[in-house]
Amino acid sequence: QVQLVESGGGLVQAGGSQALSCAASGRTFSSGSMAWFRQAPGKEREFVAGINWSGAVTTYADSVKGRFTVSRDNAKNTVALQMSSLKPEDTAVYYCASSVLAWVAQRRNAYQYWGQGTQVTVTV
């Protein structure tokens, strides 16, 4: 079992920055990939960014490429999402997810463990 707890959400003005963090506990954290997904009201949960087991490979959705950065610290069992140049359309509940796969997958069913989510609201 893996437990994931997100933190760092809140209100931010358009153009601003916000950092999210996810703390993991349970099975060996460093052997699997991690990802951030988000779900806006009335929309499906979508892939935002992912990072492979070592942190050497990252993948981003086109909508956030160049604005968001995902990173991980295997010694501290944490993964972070640094968001900048935020837009109102980035408003969503952001979820941290953990996979047993070493490489990054963008499909939801590749991730076995999920956090409870943290709300990010971008105001104009």
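This text gives an overview of the structure that appears in the document. Everything numeric in this text was worked out from a predicted model, so none of it was measured.

### Examining the sheet that holds strand S1 (residues 2–7)
Stage number 1. Spatial ordering of the open sheet is given by S1-S3-S8-S7, a layout of 4 strands whose pairing is antiparallel. Edge positions in the sheet fall to S1 and strand S7 (68–73), since each has one partner strand and no second. When the angles between neighbouring strand axes are averaged without regard to direction, this sheet yields 15 degrees.

### What about the packing of aromatic side chains?
Stage number 1. Counting across every chain of the model gives 4 aromatic pairs.
Stage number 2. Centroid distance Phe37 to Phe47: 5.6 Å. Interplanar angle 85 degrees. Geometry classified as edge-to-face. Here Phe47 lies in strand S5 (residues 46–51) and Phe37 lies in strand S4 (residues 34–39), a separation of 10 residues in the sequence. Considered together, Phe37 and Phe47 belong to a single accessibility category, that of buried residues.
Stage number 3. Ring centres of Tyr111 and Trp114 lie 6.3 Å apart, and the angle between their planes is 65 degrees; on these two criteria the pair is classed as edge-to-face.
Stage number 4. Residue Tyr111 is classed as buried on the basis of its relative accessible area of 4%.
Stage number 5. By way of ring pairs, the aromatic residues Phe37, Phe47, Tyr111 and Trp114 are connected into one cluster.
Stage number 6. Cation over ring: Arg45 sits above Tyr95, and NZ or CZ is 3.6 Å from the ring centre.
Stage number 7. Directly above the aromatic system of Trp114 lies the positively charged group of Arg45, at a separation of 5.0 Å from the ring centroid.

Here is what the cut-offs are and how they apply
Residues numbered from 1 in each chain as written. Predicted model: local features only at pLDDT ≥ 70, side-chain atom pairs only at ≥ 80, totals over all residues. Heavy atoms only, no water. Pairing = 2+ DSSP bridges. Helix = DSSP H or I, 4+ residues; strand = E, 2+ residues; numbered from the N terminus. Axes fitted to C-alpha atoms, helices over the stretch in contact; angles between N-to-C directions. Phe/Tyr/Trp six-rings, centres within 6.5 Å; stacked < 30°, edge-to-face > 60°. Buried < 20%, exposed > 50% of the residue type's maximum accessible area, 1.4 Å probe, protein only. Lys NZ or Arg CZ within 6 Å of the ring centre and 35° of its normal.

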